[in-house]
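# Analysis of the macromolecular model
Okay, here's what each chain looks like letter by letter:
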Protein chains: 2
Amino acid sequence: MIFSSLEFNNEEPIYKQIEKYIKNMIDNKLIAGNGKLPATRELGRILGVSRNSVITAYENLESEGVIYTIKGKGTFVTPIEINEEEKWNIPWNDKLNEYGRLANELDIVKSEIPWEKGIISFKSISPDGELFNIDDFKKSFLNRISMEEHKILNYGYAKGYKPLIDYLLKYMQNKGIDTKGKDILITNGFTEALEMMLSAFTKPGDSIICENPTHNTAIKIMKAQGLNIIGVSMNEDGLCLEELKEKLKLEKVKFGYLIPSYHNPTGLVMKGEKRHEVYRLFKESNVPIIEDGFNEELLYNSTHLSPIASFDTGGSGVVYLSSFSKILFPGMRIGWILGEKNLIDLLQSVKRCKNIHTSFLDQGILYEYLSEGYFDKNIKKVKKIYKEKYKFALKCIKKYINPKILWGEGGLHIYVGLDNINSRELLERCYKKKVIFMPGDIFSIDNASDNAFRLGLSRVNLEEIEKGIKIIGETITEMRRENEIALE
Amino acid sequence: MIFSSLEFNNEEPIYKQIEKYIKNMIDNKLIAGNGKLPATRELGRILGVSRNSVITAYENLESEGVIYTIKGKGTFVTPIEINEEEKWNIPWNDKLNEYGRLANELDIVKSEIPWEKGIISFKSISPDGELFNIDDFKKSFLNRISMEEHKILNYGYAKGYKPLIDYLLKYMQNKGIDTKGKDILITNGFTEALEMMLSAFTKPGDSIICENPTHNTAIKIMKAQGLNIIGVSMNEDGLCLEELKEKLKLEKVKFGYLIPSYHNPTGLVMKGEKRHEVYRLFKESNVPIIEDGFNEELLYNSTHLSPIASFDTGGSGVVYLSSFSKILFPGMRIGWILGEKNLIDLLQSVKRCKNIHTSFLDQGILYEYLSEGYFDKNIKKVKKIYKEKYKFALKCIKKYINPKILWGEGGLHIYVGLDNINSRELLERCYKKKVIFMPGDIFSIDNASDNAFRLGLSRVNLEEIEKGIKIIGETITEMRRENEIALE
């Protein structure tokens, strides 16, 4: 109690001693500005003195401006203005370490074009929330909480919620992976899964082999950790195997990071034979593969292809990362790592060091949603709608753009390559006409891919798709004409 | 489609070509072991051949043991046993970097006494889930989701859910903090809050000044990041100021990490005058303070004391971390960082690099729960029950143990110090009698505090408290007697 150290002497009047004591507390900042003082009756009782002494003390302090009263609310401390030179100023920017500096420098959110009303944005590949099945989601919450009650709201295990892990192990088996000797750790989305692997197993200066272009968040995480990214070119057949062979011979290659299922940003799907050959090459070089199972669920044109991890029966060379975040509730941030049991055991301790575990409530709801078949029910509807957009967008691109490269076998985006048209300049011009997209350099490990861009389709409707692509096409025609004139 | 590259020639019978093709796929692991083949009718249709050709091919393959049929289920690939030497084995333990190695080595979960049925455990200070108000929690979920619908299930912002941030800013104002120029970032619990600050602003070899003993998870995170921990002793008046002055003069002190509100493990509360003095000393040395607001809400005996951050009006020298995890739903993992606006802006990019953002669903539910007043309603009940346990435990300790040190002004634990009794040995003996607790060395930066231990009270009832403390007391008496005999 803040007044507990006040001991009265017999020399001064009580009200004077109370005044002094309160002033002293304010000087020592033991009561903050606008802090509330006890009511006069209460303070009298606490101090064992008459209420009148307290009233006199308060009146004197108020006339000095030290405290103020609001009728019906109480008595408060007048805030003291602090001089600029008295303020404690830490220049946090200068204090960032290399990781913190890079995390900021590479954060495209901080440099990107701000969204404005009326803009047609092809930037996002996050799912269309209108397609979420909120009723089934609510049911999942209510069922799970009535089953688990407080248990799901208290501390859980670093590895994750057991029913969800078991469900996902079966789910991975159905993708053709032999899960014997393997286990799963639940993470806060794909981003944390990759971040954990890199932060526990790499040192600055280590090399990672990737497709080039590749997922921009992965590039950011790798660069922020000080890693050296070695890109392998992509063409319409996907990853260039000859180049991969050469680059696997380089020194200090710690991992391969690959997105075979539905490559971001190109939308290419790695063929089965190639998956096996890629596995063989990495195994030969003894370089473990981090496989990003990105968006497998949204393939439209091919039946399912087994992940690269399916070749690693009984082995520990392929670590598979995934999430449902491009279909189901990314706001909950749930992803997973499938790997050898011992690896998962090591990662458990890393997880405990970072944030103990992923929300058990969210894991429980997701488990219920999946195991009740709501996902299977919903995915059919979602696929149909996204596929319609995708086909329509393809038609519009052919009609308005006449691209050199047109990649993408499904999912939520299409990759477009042009001749001699700088996609940053294209973006700037389109932005003036209220259309934006992701320029290719964002996905390039060396900021190249100047002539390509990604169109995300999840957050635009058919009308916007046509209108937006038409504007992009007209702008390209404009630029092509300017190029021709410049060449004449 | 897996059969799409099969092109028939005119030289061999169709069934033979199908056989060869399937064998080849299996050899190349394009169909996994136990993978399902299409039904004969379906495959005939896909390949544009007669169903009989497919049946013949399947029969031949089955007689060779290459595939097998389960009646009513379908035809499957016989799994191939892989030789041990063919398996790709990555020795993940050897691949860990220093951080990964330390995260594992310092993980007490991996070395601790396993829980068994019938054990009275004073280890935990996680809340008693039976005290959670599940009905109000459900209401919070349903209200928030009907308000926000899919928006709260889609991607959100790195900083957090705005209504929750605004609520917490007011909450911090009520603790006496002037939040002008300050902002809040939502984290996955306190653990992530501390981990983020350290991973963005420290380098291995940097020093951190802490109370000694201190929170074991904080010690782990700091050590795993390669930091040098400088301890300042605690006595019954709390932190020793003379020692603090000396240690602030040491080189490369990056931060102070302090738990003034309700210190873990000692349970001591830092007095207001001392808080101000500690603030002054750190400011004088220009060493920023990371203040851990641990369990402020559970103080029983004192009225509220302003956090150290409340002295830093207009400044940027104190970063305040907290969570409700010791009272509200730790399974959801929600904590926060309060700091200068610019610091929070820098940390946003770090958060995006680690896991994009904390679950918006969980933040939304927590916001609803808090703003509806359910927390205030619940905390009174919770305090009453915990206080009863706490008072009863104090009585039992005095009755059965006769300790040298008996600290703890509230919260969920009591700190007990003994003369000449090694608490690890005490634990081993008590474990045989089915009573366990947290030995003091876990909280010591140099694994000292040999004669102290922490009793967590949240997960034991009154009967268990008396029974458990009686057993601990009897064991201590035993050990004291042995010591006396040894001395004679």
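Residues numbered from 1 in each chain as written. Chains lettered and ligands numbered in written order. Predicted model: local features only at pLDDT ≥ 70, side-chain atom pairs only at ≥ 80, totals over all residues. Heavy atoms only, no water.

### Some points on the packing of aromatic side chains
Stated formally: For this analysis, a ring pair means two rings from Phe, Tyr or Trp (six-membered ring only for Trp) whose centres lie within 6.5 Å, classed as stacked if their planes differ by under 30 degrees, edge-to-face if by over 60, and tilted for the remaining angles. For the purposes of this entry, the term helix denotes a DSSP run of H or I that reaches at least four residues, the term strand denotes a run of E that reaches at least two, and both are numbered from the N terminus. Each residue is assigned to one of three classes by its accessible area relative to the maximum for its type, calculated with a 1.4 Å probe on protein chains only: buried under 20%, partly exposed between the two thresholds, exposed over 50%.
The final tally for this structure, using the stated rule, is 44 aromatic pairs over all chains. Consider the rings of Tyr 279 of chain A and Trp 88 of chain B, whose centres lie 5.6 Å apart with planes at 70°: the pair is edge-to-face. With Tyr 279 of chain A in helix α11 (residues 272-285) and Trp 88 of chain B in the loop between β2 (74-77) and α4 (92-95), this pair bridges two chains. For Tyr 279 of chain A, a relative accessible area of 5% gives the class buried. Arranged with centres 6.4 Å apart and planes meeting at 85°, the rings of Tyr 171 of chain B and Trp 336 of chain B form a pair that is edge-to-face.

### Some words on the pattern of salt bridges
Residues and elements named next belong to chain A. What counts is decided by this rule: The rule for a salt bridge is simple: a side-chain nitrogen of Lys or Arg has to be within 4 Å of a carboxyl oxygen of Asp or Glu.
Counted according to the given criterion, the structure contains 62 salt bridges over all chains. The salt bridge partner of Glu 19 is Lys 16, with a shortest N-O separation of 3.7 Å. Of the two residues, Glu 19 and Lys 16 both sit in helix α1 (residues 14-27), 3 residues apart, roughly one turn of that helix. The exposure class assigned to Lys 16 is partly exposed, which follows from its relative accessible area of 32%. Linking Asp 166 and Lys 162 is a salt bridge whose minimum nitrogen-to-oxygen distance equals 2.9 Å. Note that Asp 166 and Lys 162 are positioned in helix α7 (residues 162-174) at a spacing of 4 residues, about one turn of the helix. Using a relative accessible area of 57% as the deciding quantity, one classes Lys 162 as exposed. What you see here is one network of salt bridges that share partners, running through Glu 425, Arg 429, Lys 433, Glu 478 and Glu 482.

### Remarks on the interface of chain A and chain B
Short version of the rule: Whether two residues touch is decided by their heavy atoms; if any such pair falls within 4.5 Å, the residues are in contact. A 1.4 Å probe defines the accessible area here, and the buried area is the portion of it lost by two parts on being joined, summed over both. Under this definition, polar contacts are N or O atom pairs within 3.5 Å; protein pairs additionally need one hydrogen-donor-capable and one acceptor-capable atom, and for neighbouring residues in sequence, both atoms have to be side-chain atoms. Ten residue types, Ala, Val, Leu, Ile, Met, Phe, Trp, Tyr, Cys and Pro, are classed as nonpolar, four, Asp, Glu, Lys and Arg, as charged, and the remainder, Gly among them, as polar.
Counting from both sides, the interface comprises 109 residues of chain A and, opposite them, 108 residues of chain B. Counting the surface lost from both chain A and chain B, the interface buries some 9200 Å², and carbon and sulfur atoms represent 60% of this. One can count 6 salt bridges joining chain A with chain B. The salt bridge partner of Lys 354 of chain A is Glu 195 of chain B, with a shortest N-O separation of 4.0 Å. Across the chain A-chain B interface, the total number found is 46 residue pairs in polar contact (both at pLDDT 80 or more). Looking at the side of chain A that touches chain B, the element that brings in the most residues is helix α12 (residues 341-354) of chain A, giving 9 residues. Looking at the side of chain A that touches chain B residue by residue, the class counts come to 48 nonpolar, 35 polar and 26 charged.

### Topic: the UniProt feature "domain: HTH gntR-type" (unreviewed entry) in chain A
Applicable threshold: UniProt positions are given in the numbering used here, feature names are shortened, and annotations may be inferred rather than shown by experiment.
The UniProt entry lists residues 12-80 of chain A under the feature "domain: HTH gntR-type" (unreviewed entry), expressed in the numbering used here. The straight-line gap between the two end C-alpha atoms of residues 12-80 of chain A is 27 Å; of that span, 51% is helix and 12% is strand.

### Quick notes on the state of the cysteines
One way to say it: the disulfide is the covalent bond shared by the sulfur atoms of two cysteines. This is how the line gets drawn: Note on terminology: disulfide denotes any pair of cysteine sulfur atoms within 2.5 Å.
For the structure shown, the criterion picks out 0 disulfides over all chains. The thiol of Cys 353 of chain A is not disulfide-bonded; the next cysteine sulfur, from Cys 210 of chain B, is found 15 Å away. Classification of Cys 353 of chain A by relative accessible area gives buried; the value is 1%.

### Regarding the sheet that holds strand β11 (residues 335-340) of chain B
All names here are of chain B. Put simply, the rule is: A pair of strands is treated as paired once DSSP finds two or more bridges between them. For helices, the axis comes from a line fit to the C-alpha atoms of the stretch in contact; other axes are also lines fit to C-alpha atoms, and the angle between any two N-to-C directions lies between 0 and 180 degrees.
Ordered by their spatial adjacency, 8 strands build an open sheet running β4-β11-β10-β9-β8-β5-β6-β7, and the pairing between neighbours is mixed. Unpaired on one side and paired on the other, β4 (182-187) and β7 (238-239) mark the two borders of the sheet. Relative to β11, strand β10 (residues 318-323) runs antiparallel, the two sharing 4 bridges. Across the sheet, residue Ser 323 finds its bridge partner in β11, namely Gly 335. Contacting β5 (207-212), β6 (228-235) and β8 (253-258), helix α9 (residues 216-224) crosses the sheet at an angle of about 155° to β6.

### Section: the relation of the copies chain A and chain B
Keep this limit in mind: Here the copies are superposed with least squares, the fitted atoms being C-alpha atoms of residues at a pLDDT of at least 70 in both.
Under the fitted operation, chain A is carried onto chain B by 0.0 Å of movement along the axis and a turn of 180°, and the coordinates agree to an RMSD of 0.1 Å. Taken together, the rotation and translation describe the operation of a two-fold axis. When the interface residues of chain A are mapped onto chain B, 99% of them again lie at the interface, so the same face is used by both copies.

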